[in-house]
Amino acid sequence: MITTTLDASVNLRSQFLIAMPGLQDSFFAQALVYVCQHGPEGAMGLIANRPMGMQLGQVLDQFKLQYPAAIGKLPLLFGGPVQTARGFVLHRTEERRWDSTLEIDSGISLTASMDIINDLADDRGPPTPLVILGYAGWGAGQLE
């Protein structure tokens, strides 16, 4: 088994973490995690390769929104075990900004507000979004 410790000056924001093949953790086995925030206070990431077996249309129906069939078929992804009812949209950075958009890196943004859901339903959202429920979080020094 190989273990490593990251230097505290290393920032993993906008990087992917790939689970080691032998990892047996039920949440992170075979996971590809995109790190959205990383600093002295901790880290936040989204599992980007775990379909939930649900589609965006199921969420839009709960909000009683009309939407094009193609939008309704977008898969919902399991982002991690924290706040699994909270939704995030990972997308390319657009000129249009939504109420709660965080630019993670040049070209990649994360939005967690209802206005982007309304725009997705109206087919005015960002192209090729990843719609994710929940996130992965680590306390100070835990990810390192």
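This write-up is about the structure you can find in this document. Values in this document were obtained by computation on a predicted structure and should not be read as measured data. (Residues numbered from 1 in each chain as written. Predicted model: local features only at pLDDT ≥ 70, side-chain atom pairs only at ≥ 80, totals over all residues. Heavy atoms only, no water.)

### Digging into the pairing of strand S3 (residues 42-47)
With six of six residues buried, S3 lies mostly within the body of the structure. Here S3 shows a buried face lined by Gly42, Met44 and Leu46 and a second buried face lined by Ala43, Gly45 and Ile47. Bridging between strand S2 (residues 32-39) and S3 involves six bridges; their strand directions are antiparallel. Each residue of the ladder has a partner; that of Gln37, found in S3, is Met44. Linking S2 back to S3 in an antiparallel pair, the connection comprises two residues. As paired elements, S3 and strand S9 (residues 130-139) share four bridges and run antiparallel to each other. Residue pairing for S9: Met44 is matched across the bridge by Gly137. (Buried < 20%, exposed > 50% of the residue type's maximum accessible area, 1.4 Å probe, protein only. Helix = DSSP H or I, 4+ residues; strand = E, 2+ residues; numbered from the N terminus. Pairing = 2+ DSSP bridges.)

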